[in-house]
Amino acid sequence: MALPTTTAAAVLTEHSAALTLRELPLPDEIEPGAALVRVTCTTLCGTDVHLWSGQMTFPGMLPMVLGHEMVGEVVAAGDGTTDTFGRDVRPGDRIGWSESTCGKCHGCAILREPVACASRGYGFLQRADEFPYATGGLVQYCYVTPGAAKLLLPAEVKDTWAAMSGCAGKTVLRAFARSGGVRPGATVVVQGAGALGVFATAVARISGAGTVITVGGPDDRLKVAEQFGATATIPVDSRPHDRIIQVRDLTDGRGADHVFDFAGGPTVGEEAVAFAAQRGTIAVVGSTGPQPSPVPLGTVMGKELTVVGSLNGDIADYHRSVEFFGTFGTRMPWDELFGEPVGLSGASARVESMSRFGELKAVIDPRLP
Ligand SMILES: [Zn+2]
Ligand SMILES: [Zn+2]
């Protein structure tokens, strides 16, 4: 069968403007270790919305293809292409993947942390008009580069779940690991009620937390957090002092054993420290900048807090997220996280809807018209 030489793509050419439907070239040959994938599902992430709006921007990044949470069916694989366990990747296989890494830099070779790779390749850091063109999720056919760690997907994990594992899922599970794990009965505060915050709420509950307090908004998002295991919610538009009192009241006056920042914002650091119990742990995940968020170090010392940063995730976190969905597929109403699937031509409207706190996670199926 002849391979496609171009792919339909929804391309971001200007911030806050409609995506442009365009044909992008595909590489002439599939390099050893690479794969060409027919995308079956892309889920959008808050970062896509920030890139679209221009809230997050890099010089010379446009034109680019949004989307870094996707799965699909392999249509062609290069010589020796395997997944992260060394299993052959062949046409017809269903795969997901993580960002590409170089394997040779200090982060890769010495720290052995793929998230610390000096040339970590995100789909969204690659221009759509330069080789290998179609690496983002809003394409019909995606080129998965040799350096991207791949994973053959188990049948019981739905496309949406596996796609979401590509960023939101792995980011949350890494943050829990960085926090040292949640003890049965522990108290947890989740700052943020977007897709990450809601998923973290569910993970906290499934991990055995006794009290899970989700701080965020708008109100309908807090309702969703309750469906996903929040034992209490606090609106983020309440007075900061009231939020601190509420967390204290809900935790027998002690504060939370774990605070997870999935929100960011100028007051998040100060509040996280106030929410935390003596010897508590704070995982900073949502503070992507650029605005500073002061942290009262005197309280960090006085409470003997542990503050850890957690940066996205790697193929191990991705694998854990896929396994998590496989294990806990019936435990929460996961599908409530996702919007109705639309084709590439509907992607613009979905990104815009997410920017207005419409749906939590838009789903694009590029096979749809
Ligand atoms: Zn590297
Ligand atoms: Zn993301």
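These numbers were taken from a predicted model, which means no experiment stands behind them.

**As for the coordination of the zinc ion (ligand 1)**
Angles at a metal have ideal values that depend on geometry: 109.5 degrees with four tetrahedral donors, 90 or 180 degrees with six octahedral donors.
Right, so step 1: Within the protein, the atoms that donate to the zinc ion (ligand 1) are Cys102 (SG), Cys105 (SG), Cys108 (SG) and Cys117 (SG), at distances of 2.3 to 2.4 Å.
Right, so step 2: Of note is the zinc ion (ligand 1), whose four donor atoms meet at the metal with angles of 100 to 120° in an arrangement that counts as tetrahedral.
Right, so step 3: Look at where the donors of the zinc ion (ligand 1) fall in the sequence and you get C-x2-C-x2-C-x8-C. Residue Cys102 is found in the loop between strand E6 (94–100) and helix H2 (106–110), and its partner Cys117 is found in the loop between H2 and strand E7 (141–144); the two are separated by 15 residues along the sequence.
Right, so step 4: Accessibility expressed as a relative area gives 30% for Cys102, which makes it partly exposed.
Right, so step 5: Under the relative-accessibility criterion, Cys117 is labelled buried at 8%.

**What to know about the sheet that holds strand E14 (residues 306–309)**
Right, so step 1: Taking strand neighbours across the sheet as the criterion, the six strands line up as E11-E10-E9-E12-E13-E14 in an open arrangement whose pairing is parallel. Of all the strands in the sheet, just strand E11 (232–235) and E14 have a single pairing partner and so form its edges. Averaged over all adjacent pairs, the angle separating strand axes in this sheet is 15°, with direction ignored.
Right, so step 2: Two strands pair when backbone bridges link them, and strand E12 (residues 256–261) and strand E13 (residues 276–284) are joined in this way by five bridges, in the parallel orientation. Residue pairing across strands places Ala256 opposite Ala276, the latter belonging to E13.
Right, so step 3: On top of the sheet, helix H6 (residues 240–250) reaches strand E9 (187–191), strand E10 (211–216) and E11; it is set at about 170° to E11, its chief contact.

**Some points on the coordination of the zinc ion (ligand 2)**
Right, so step 1: In the first shell of the zinc ion (ligand 2), the protein supplies Cys45 (SG), His68 (NE2) and Cys167 (SG), at 2.1 to 2.2 Å from the metal.
Right, so step 2: Along the chain, the residues that donate to the zinc ion (ligand 2) are spaced as C-x22-H-x98-C. Of this pair, Cys45 sits in the loop between strand E3 (35–43) and helix H1 (46–53) while His68 sits in the loop between strand E4 (64–65) and strand E5 (70–77), and the two are 23 residues apart along the sequence.

**Notes on the domain arrangement of the protein chain**
Right, so step 1: Examined at the domain level, the protein chain breaks down into domain 1 (6–167 + 313–364) and domain 2 (180–309).
Right, so step 2: Of note, the centres of domain 1 and domain 2, computed from C-alpha atoms alone, are 29 Å apart.
Right, so step 3: On the domain 2 side, the residues contacting the 15 residues of domain 1 number 15 residues.
Right, so step 4: Between domain 1 and domain 2, a total of about 1,400 Å² is buried, with carbon and sulfur atoms accounting for 77% of that surface.
Right, so step 5: On the domain 1 side of the contact with domain 2, Met332, Phe357 and Leu360 bury the most area, a combined 38% of that side's loss.

**Description of the side chain of Thr211**
Right, so step 1: Tracing the sequence through the fold places Thr211 in strand E10.
Right, so step 2: Residue class for Thr211 comes out buried when judged on its relative accessible area of 19%.
Right, so step 3: Contact partners of Thr211, with chain neighbours within four places excluded, come to Ala186, Thr187, Val188, Thr231 and Leu250.

**Points about the UniProt feature "domain: Alcohol dehydrogenase-like C-terminal" (unreviewed entry) in the protein chain**
Right, so step 1: Within this structure's numbering, the places UniProt gives as "domain: Alcohol dehydrogenase-like C-terminal" (unreviewed entry) are residues 195–325.
Right, so step 2: Overall, residues 195–325 shows 44% helix and 22% strand. The separation of its end C-alpha atoms is 15 Å.

**Some remarks on the nonpolar core**
Right, so step 1: Membership of the largest hydrophobic core comes to 46 residues, with the highest contact counts inside it found for Phe176, Phe199, Phe228, Phe262, Tyr318, Trp334 and Leu337.
Right, so step 2: Here the element with the most residues in this core is helix H3 (residues 159–178); it accounts for nine residues.
Right, so step 3: Composition of this core by domain shows at least three residues from each of domain 1 (6–167 + 313–364) and domain 2 (180–309).
Right, so step 4: Setting aside residues up to four positions removed in sequence, Phe176 forms contacts with Gly181, Val182, Ala200, Val203, Ala204, Ser207 and Phe260.
Right, so step 5: Counting 43 residues, the second-largest nonpolar core is a separate cluster that includes Ile30, Leu51, Ala76 and Ile364.

**With respect to the packing of aromatic side chains**
Two aromatic rings are characterised by how far apart their centres lie and by the angle between their planes.
Right, so step 1: Per the counting criterion, the structure on display carries 13 aromatic pairs.
Right, so step 2: Arranged with centres 5.9 Å apart and planes meeting at 65°, the rings of Phe324 and Trp334 form a pair that is edge-to-face. Of this pair, Phe324 sits in helix H9 (residues 315–328) while Trp334 sits in the loop between H9 and helix H10 (347–355), and the two are ten residues apart along the sequence.
Right, so step 3: In this structure Trp334 comes out as buried when scored by relative accessible area, which is 1%.
Right, so step 4: Pairwise contacts between aromatic rings join Trp161, Phe199, Phe228, Phe324, Phe325, Phe328 and Trp334 into one cluster.

**Quick look at the packing of H3 against helix H4 (residues 195–206)**
Right, so step 1: Viewed as axis vectors pointing N to C, H3 and H4 meet at an angle of 50°, and their least axial separation amounts to 10 Å. If you check the angle between H3 and H4, you find them oblique. Remark: the crossing between H3 and H4 carries right-handed chirality. For the pair formed by H3 and H4, the contact residues are Met164, Ala168, Gly169, Thr171, Val172, Leu173 and Phe176 on the first element and Leu196, Phe199, Ala200, Val203 and Ala204 on the second.
Right, so step 2: Across the contact of H3 with H4, the residue classes tally to ten nonpolar, two polar and no charged.

Rules used in this analysis
Residues numbered from 1 in each chain as written. Chains lettered and ligands numbered in written order. Predicted model: local features only at pLDDT ≥ 70, side-chain atom pairs only at ≥ 80, totals over all residues. Heavy atoms only, no water. Donors = N, O, S within 2.8 Å, 3.2 Å for Na, K, Ca; no water. Tetrahedral: all angles 85-135°; square planar, octahedral: opposite > 155°, others 65-115°. Helix = DSSP H or I, 4+ residues; strand = E, 2+ residues; numbered from the N terminus. Buried < 20%, exposed > 50% of the residue type's maximum accessible area, 1.4 Å probe, protein only. Pairing = 2+ DSSP bridges. Axes fitted to C-alpha atoms, helices over the stretch in contact; angles between N-to-C directions. Contact = heavy atoms within 4.5 Å. Domains from an automatic or database assignment. Buried area = accessible area lost by both parts, 1.4 Å probe. UniProt positions renumbered as here; feature names shortened; annotations may be inferred. Core = buried A, V, L, I, M, F, W, Y, C linked by side-chain atoms within 4.5 Å. Phe/Tyr/Trp six-rings, centres within 6.5 Å; stacked < 30°, edge-to-face > 60°. Parallel < 35°, antiparallel > 145°, perpendicular 65-115°, else oblique. Left-handed = near helix turned anticlockwise from the far one by under 90°. Nonpolar A, V, L, I, M, F, W, Y, C, P; charged D, E, K, R; others polar.

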